[in-house]
Amino acid sequence: MNMGATHQPATDDRFETKTKMTNDAIWDWDLTTNKMWWNEGFKNIFGYTEAEPTIDSWTSRIHPHDIERITTAVKQVIANESDKWGEEYRFLRADGTYAYVFGRGYAIVQNNKPLRVVGCMIDITAQKQLQTAKEESEEWIRFALDAAGLGTWDFDIQSGMIKWDKRCRELNGWSKGEDIKLENILVHIHPDDLKRVEDSIADAINPAIKGDYHIEFRVIGAEDKVERWIRSKGKAHFNEDGTAKRLSGIVQDITKEKNNRQEQDMLLKLVDNTPEFVAMATAEGKVIYLNNAGRKLVGIGPNENVHDIEVRNFYLPEFYTFLEKDVLPALFRNSHWSGKIHLKHFKTDEQIPCHAEFITINDPATGKVLVRGVTMRDLRPEYAAQAEQLKLLTLVDNSVDMMSILRLDGKNSYINKAGKVLLGLDENADVTEISISEFHTPEQISFVQQEILPNVMKNGRWSGRFAIKHLKTGEIIPLENNSLRIDDAITGQPIAIGAVMRDLRPEMAAQSEQRRLLALLENTNDFVSLSDISGNVSYVNASGLRMMGFENLEEAKRHNTEYVMPGEVNHVKYTIYKALMERGVWSGEVLYRHFKTREAIPVQGTTMMVYDPVTRQPQGRATIVRDLRPERAAQKALRESEQLFRSIATALPLILWMSNAKGEITFMNQKWVEFLGLPGQPKFDGQIWYEAIVEEDREAAVQTYSYAMQSATTLSMEFRVKRADGKIIWTYSLGQPQYDQQGNYTGFLGYTIDITAQKELQRQKDEFIGIASHELKTPVTSIKAYAQLLKEMSAVRGDTLETQMLTKMDGQITKLSNLIRDLLDVTKIQAGKLQFNDAYFDFDKLVEEVLEEMQRTTNRHQIVWQGSDLGIIYGDEHRISQVITNLLSNAIKYSPNADRIIVTASKENNEVKLSVQDFGIGIPKDNLEKVFEQFYRVSNNKQHLYPGLGLGLYISAEIIRREGGKIGVESTEGEGSIFYFTLPIDSKKDSA
């Protein structure tokens, strides 16, 4: 706006009065002073109350995304490039929010020079929000229609034309065309549905009815000829005169829904007629469905409404509590639960045991349980059948004979307890997985195939002698076998073979026992005779004939009173006969008479009555007599031998001692007095001997002695004793368990010697080795370093021969270092100062590192690792690595002609076990216990081939012992050895 005259100030009374009358924000910008004025609208709309605003007060509150556009428009007005400006933009309110405004302004020019810019701002936030909401609503409607697969249509009743969208066309099988005549659509509706569609349209547009248009029908695609089910919904719109003008609505493809509904109807019919209980309930426990079998099971009539029944009504209180506390939590957690549960009959309250399978049907989006369903099988018929089977099985299972059922595929389906015992099977063994061939030798299997099975299948049964094989011992067990064919009750076809087998071993053993008994009687050194109830002898064995001086049995057939000395006849008649009649047996000493020499023979005799096993009536007498003459001669010789032993024991320079089976000392020669320097010759006193043991050794000595006594194993121990003069001496005790002729443990026989001198020599030797090893360690380390430096320098020079020689030299120095290390370890072990730094470490990683390192030392051997995931253990990683290295080094050394070494590891009973197997020279059986001794080495004509001091295994054994484990070896000379050790997985936890 160009003005030739002076512009009247915008702040005069009339202008200000006008600005107060509007709700808009009005501003006036003086370009000469850069000051700005605005009306009350700024306070009312935006909340600003500035007294002297500037142009920055306006521009600084324009949204950053709009500022450039607005300032450019204003500048164009000021530059007279435009006579006015008008823009929508965002303006910052005092509360920090933005308002949408429409701003416009003009430049006031005088003499072609802009003096002022005036403008106003209209708050259009509400309009903007409504527009945005409308756009979002339309977008959501479009999204909802697309998501639901809905099409829209609009039928103009006057013109008969239908306007439809793309989805609507697709569902009717049309590929193009936005408008179509109604009759062109009707011709593609399925003939069976056309009348219903036409009637529904007529009702919807009839002013008298104004019905909702809602119908499902089939269409045949106009172009693709595909039959689809469609659900169409619409609403008619009427003119003021009541005539219909439009019918519009939506259409949806329900083909899949119809198919699913048809499947559901068939499934529901199937479920309704299944013989098992099927029910569904809401997550809260309201029953929504119960099939016919379920109604019948619990006593609900076919016409009763189950929707009024809660789940709790199907159970007695105690079983509903189980359902609430155990079943439902598991069901809602896992969406499934199966197990045994009891229903309640609605009329009789009878408990009905059932096997139940509960499931939940969850909302796929939220996971919320919508419905819970259950199928149940009435277990009562099954229980009844099981009870009958149990009676039969109890009878069969407790039979003394083996009973089995063999399937036609060659595997047993059942073997009773006696059969499992007979075959060596565990009581819970699954016999269905064991082939019949495992119970027989190849010859027996051939007999089964050629003789037993053909006869059973043809004639229905087979009987005869047969045999089976014990699975564990391999023993062949003779049997009396009765086999029969089992046919299907309906088809009559063979389905299995049953067998009843009697173990013939007891019968055969009895027969053999009788033969052995007769042989025993004939070959025993004792007199054995049989006589009738009156005492007339009918049988005397060979020893009896010789003892009595008979030539043959006929001479021995006489009354038993003739066998004794005349003075013993009354003793036989009145004492022995009476005892037999009252107690059935008599034992004692009596004097027999030799029939030729008349010599009196002292005997220890036992006579017993022999009874009929059925009637228990006495049938005769049996007598066993032992000639006491040899025994009494032996007792005399024993007394003389004991006297000789005591004389020798007194002369020996060591303590001899004996104990009984309880560990009590029964004999100790007088050398114990000299050992302790006791005055006089007192008898052995266990308390004096116990108190003489040095206190630090006393507990270990007692424990070692007690263990040997209780376990009947060799006693070997060292301990110190304090003599009466105060001198401490070292002693060594060795004892061996003793047994009588019957193999019964009777105690120990042992000796104790003074080893003080040997101990002193051992101490001096260990001290020398310790000093020598320590003094050698430093120079050897320096020599090794120099050798390695020389080797590297030689390699740099390219002197191959010198490098090889220095390499060999370095290897020999390494061997010397290892020997020195072993000597130092032995010294520390002897002094009890071998250090251990236990910590948790990865056992698998350690083994793999050692194997990798040792593999580099041998080109001939392949070290095969057969380990499993053993994880973390507690121990000294370095010391255990030392043990594994030693075992592998020995395996390589002592198997020069082999090409592999097998290392295995496993976890057993909270322990790890590692084994190293070689295929070398092996160890003689009598040397196996010595391999872990100090300085033990292989001793044969090849000893020079295997250098070393024999300390590695001794040190390894000490390390494993100190770590709470065990070490051992299995070996066959000429075939190889297996060295192994075990360690607790967490010795720290175990010790705690």
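Residues numbered from 1 in each chain as written. Predicted model: local features only at pLDDT ≥ 70, side-chain atom pairs only at ≥ 80, totals over all residues. Heavy atoms only, no water.

The chain has the name histidine kinase in an unreviewed UniProt entry, where Ilyomonas limi is given as its organism. The record in UniProt for the chain states the following under Catalytic activity (unreviewed entry): "ATP + protein L-histidine = ADP + protein N-phospho-L-histidine." (UniProt positions renumbered as here; feature names shortened; annotations may be inferred.)

**Student:** Please set out the overall build of the chain residue by residue, giving values where relevant.
**Tutor:** The helix and strand inventory of the chain stands at 28 helices and 39 strands. Across the 992 residues of the chain, 38% fall into the buried class. Intrachain contacts of the chain at a sequence separation of at least 6 include 48% that bridge at least 24 residues. (Helix = DSSP H or I, 4+ residues; strand = E, 2+ residues; numbered from the N terminus. Buried < 20%, exposed > 50% of the residue type's maximum accessible area, 1.4 Å probe, protein only. Contact = heavy atoms within 4.5 Å.)

**Student:** Break down unusual backbone geometry for me, with residues and values.
**Tutor:** Residue Asp-349 is not a glycine yet carries a positive backbone phi of 65 degrees. Along the chain, the position of Asp-349 falls in the loop between β15 (336-344) and β16 (351-362). The partly exposed category is assigned to Asp-349, whose relative accessible area is 45%. One non-glycine residue, Asn-910, lies in positive phi territory at about 65 degrees.

**Student:** Could you give me a rundown of the packing of helix α26 (residues 877-893) against helix α27 (residues 952-962), with the residues and numbers involved?
**Tutor:** Contact pair α26 / α27: the axes reach a minimum separation of 9 Å and the direction vectors enclose 145 degrees. Between α26 and α27 lies a crossing whose hand is left-handed. Residues Arg-879, Gln-882, Val-883, Asn-886, Leu-887 and Asn-890 of α26 form the contact with α27, whose participating residues are Gly-952, Leu-953, Ile-955, Ser-956, Ile-959 and Ile-960. A per-class count over the contact of α26 with α27 returns six nonpolar, five polar and one charged. (Axes fitted to C-alpha atoms, helices over the stretch in contact; angles between N-to-C directions. Left-handed = near helix turned anticlockwise from the far one by under 90°. Nonpolar A, V, L, I, M, F, W, Y, C, P; charged D, E, K, R; others polar.)

**Student:** An account of the pattern of salt bridges is requested, with residue identities and associated values reported.
**Tutor:** Enumeration according to the criterion identifies 42 salt bridges in this entry. Two residues, Glu-257 and Arg-231, come together in a salt bridge whose shortest N-O distance is 2.7 Å. Separated by 26 residues along the polypeptide, Glu-257 in helix α9 (residues 255-272) and Arg-231 in strand β11 (residues 227-238) bring together distant segments of the chain. Taking relative accessible area as the criterion, Glu-257 reaches 32% and is therefore assigned partly exposed. Arg-312 is the partner of Glu-310 in a salt bridge, and the nearest nitrogen-oxygen pair spans 3.6 Å. Among the charged side chains, a salt-bridge network with shared partners connects Asp-66, Arg-69, Glu-87 and Arg-90. (Salt bridge = Lys/Arg side-chain N within 4 Å of Asp/Glu carboxyl O.)

**Student:** Any chance you could break down the sheet that holds strand β37 (residues 911-917) for me, citing the residues and the numbers?
**Tutor:** As summarised here, the arrangement of the five strands in space is β34-β36-β37-β39-β38, forming an open sheet in which the pairing is mixed. The outermost strands of the open sheet, each flanked by one partner alone, are β34 (862-866) and β38 (966-972). Direction aside, neighbouring strands of the sheet carry axes that sit 15 degrees apart on average. With seven bridges connecting them, β37 and strand β39 (residues 976-984) associate as antiparallel partners. Across the sheet, the residue bridging to Leu-914 is Phe-981, located in β39. (Pairing = 2+ DSSP bridges.)

**Student:** Tell me about the sheet that holds β16, and please be specific about residues and values.
**Tutor:** In space, the five strands of this open sheet follow the order β14-β13-β17-β16-β15, with antiparallel pairing throughout. Looking along the sheet, the strands with just one partner apiece sit at the ends: β14 (287-290) and β15. Shown here is a sheet whose adjacent strand axes are inclined to one another by a mean of 25 degrees, direction ignored. In this sheet, strand β17 (residues 369-378) lies alongside β16 in antiparallel orientation, the contact comprising nine bridges. Its bridge partner lying in β17, Glu-357 is registered against Thr-375. Packing against the sheet, helix α11 (residues 317-334) makes contact with β15, β16 and β17, and its axis sits at approximately 160 degrees to β15.

**Student:** Which residues make up the side chain of Arg-295, and what values go with them?
**Tutor:** Structurally, Arg-295 is set in helix α10 (residues 292-298). In this structure, Arg-295 is buried with no salt-bridge partner, the nearest side chain bearing the opposite charge being Asp-272 at 6.4 Å. (Lys, Arg positive; Asp, Glu negative; His and termini not counted.)

**Student:** Which residues make up a nonpolar patch on the surface, and what are the values?
**Tutor:** Together, Met-280, Ile-288, Ile-359 and Ile-361 make up an exposed nonpolar region whose accessible area comes to about 300 Å². Assignment of secondary structure puts Ile-359 in strand β16. (Patch = residues over 30% accessible without salt bridge, like charges linked within 9 Å, V, L, I, M, F, W, Y side chains within 5 Å. Areas by Shrake-Rupley, 256 points an atom, 1.4 Å probe, with all protein chains shown as cover.)

**Student:** Outline the pairing of β11, supporting the account with residue identities and numerical values.
**Tutor:** Two strands pair when backbone bridges link them, and strand β10 (residues 213-220) and β11 are joined in this way by eight bridges, in the antiparallel orientation. When the sheet's bridge partners are listed, Phe-217 is paired in β11 with Ile-230. Counted along the chain from β10 to the antiparallel partner β11, the turn is six residues long, and its residue Lys-225 has a positive phi close to 60 degrees. Bridge count between β11 and strand β12 (residues 244-253): nine bridges; the pairing is antiparallel. Bridging across to β12, Ala-236 finds its partner in Leu-247.

**Student:** Lay out helix α8 (residues 191-205) with the relevant residues and their values.
**Tutor:** Under the 1.5 Å per step criterion, the end-to-end length of α8 is 22 Å for 15 residues, consistent within 8% with the ideal 21 Å. If you check which residues of α8 are buried, you get Asp-193, Val-197, Ser-200, Ile-201 and Ala-204. Down the axis, α8 shows its buried residues gathered within 100 degrees of arc, on one side only. Opposite the buried face of α8, at more than 90 degrees from it, the exposed residues are Pro-191 and Lys-195. Buried residues in α8 make contact with α7 (182-186), β10, β11 and β12. (Expected span 1.5 Å × (residues − 1). Arc of directions from axis to C-beta.)

**Student:** Any chance you could break down the side chain of Thr-607 for me, citing the residues and the numbers?
**Tutor:** The residue Thr-607 is located in strand β26 (residues 600-611) in this model. In this structure Thr-607 comes out as buried when scored by relative accessible area, which is 9%. Reaching out from Thr-607, the side chain makes a polar contact with the side chain of Thr-623 at a distance of 3.1 Å. Those residues in contact with Thr-607 that lie beyond four places of it in its chain are Leu-580, Gly-584, Val-585, Trp-586, Arg-621, Ala-622 and Thr-623. (Polar contact = N/O pair within 3.5 Å; in protein donor to acceptor, adjacent residues only side chain to side chain.)

**Student:** Help me get a handle on a negative patch on the surface, residues and values and all.
**Tutor:** On the surface, a cluster of negative charge is contributed by Asp-842, Glu-848, Glu-849, Glu-853, Asp-869 and Glu-877. Ranked by the residues each element gives to the negative patch, the list is headed by helix α25 (residues 843-855), at three residues. Note that Glu-877 resides in helix α26. Residue Glu-877 is classed as partly exposed on the basis of its relative accessible area of 34%. (Charge placed at Lys NZ, Arg CZ, Asp CG, Glu CD.)

**Student:** Describe the packing of α25 against α26, with residues and values.
**Tutor:** Relative to each other, α25 and α26 sit at 40 degrees, their axes nearing to 10 Å. Between α25 and α26, the crossing angle belongs to the class labelled oblique. Considering only the axes of α25 and α26, their crossing is right-handed. The residues of α26 that touch α25, namely those facing Phe-843, Leu-846, Val-847, Val-850, Leu-851 and Met-854, are Glu-877, Ile-880, Ser-881, Ile-884, Thr-885, Leu-888, Ser-889 and Ile-892. (Parallel < 35°, antiparallel > 145°, perpendicular 65-115°, else oblique.)

**Student:** A description of the environment of Leu-654 should follow, citing residues and the corresponding values.
**Tutor:** Here Leu-654 shows up in the loop between α19 (629-651) and β28 (655-660). Remark: the alpha-carbon pair of Leu-654 and Trp-672, spanning 18 residues in sequence, is separated by 8.1 Å. Those residues in contact with Leu-654 that sit more than four places away from it in its chain are Asn-669, Lys-671, Tyr-751, Thr-752 and Ile-753.

**Student:** So what's going on with α25? Which residues, and what values?
**Tutor:** Given a rise of 1.5 Å per residue, 13 residues ought to cover 18 Å, and the 18 Å separating the end C-alpha atoms of α25 matches this to within 8%. Looking at the packing, one finds that the buried side of α25 touches β33 (839-842), β34, β35 (872-875), α26, β36 (900-908) and β37. For α25, the N-terminal capping position is held by Asp-842, with its side-chain oxygen 3.0 Å away from the main-chain nitrogen of Asp-844.

**Student:** Residue-level account of the nonpolar core, with values.
**Tutor:** Within the largest apolar cluster, 40 residues are counted, with the highest numbers of intra-cluster contacts made by Phe-843, Ile-880, Ile-884, Leu-888, Leu-914 and Phe-981. Ignoring any residue separated from it by four or fewer positions in sequence, one finds Ile-884 in contact with Leu-846, Val-847, Val-850, Leu-914 and Phe-981. Core analysis: the second largest hydrophobic core is formed by 30 residues, Val-311, Tyr-315, Leu-331 and Leu-343 among them. (Core = buried A, V, L, I, M, F, W, Y, C linked by side-chain atoms within 4.5 Å.)

**Student:** Could you give an account of the packing of aromatic side chains, naming the residues involved and the relevant values?
**Tutor:** Across all of its chains, the model carries 29 aromatic pairs by this definition. An angle of 55 degrees between the planes, with centres 4.8 Å apart, marks the rings of Phe-46 and Phe-91 as tilted. Of this pair, Phe-46 sits in helix α2 (residues 41-46) while Phe-91 is found in strand β4 (residues 84-92), placing the two residues 45 residues apart along the sequence. Taken as a pair, Phe-46 and Phe-91 share a single burial class, namely buried. Arranged with centres 6.3 Å apart and planes meeting at 85 degrees, the rings of Phe-277 and Phe-314 form a pair that is edge-to-face. Here Phe-314 lies in the loop between α10 and α11 and Phe-277 lies in strand β13 (residues 277-282), a separation of 37 residues in the sequence. There is no split in this pair, since Phe-277 and Phe-314 are both buried. Taken together, the ring pairs in this structure connect Trp-38, Phe-42, Phe-46, Tyr-48 and Phe-91 into an aromatic cluster. The positively charged end of Arg-61 is found above the aromatic ring belonging to Tyr-48, 3.8 Å away from the centroid. The ring centre of Phe-346 lies 5.8 Å from the NZ or CZ of Lys-344, which sits over that ring. (Phe/Tyr/Trp six-rings, centres within 6.5 Å; stacked < 30°, edge-to-face > 60°. Lys NZ or Arg CZ within 6 Å of the ring centre and 35° of its normal.)

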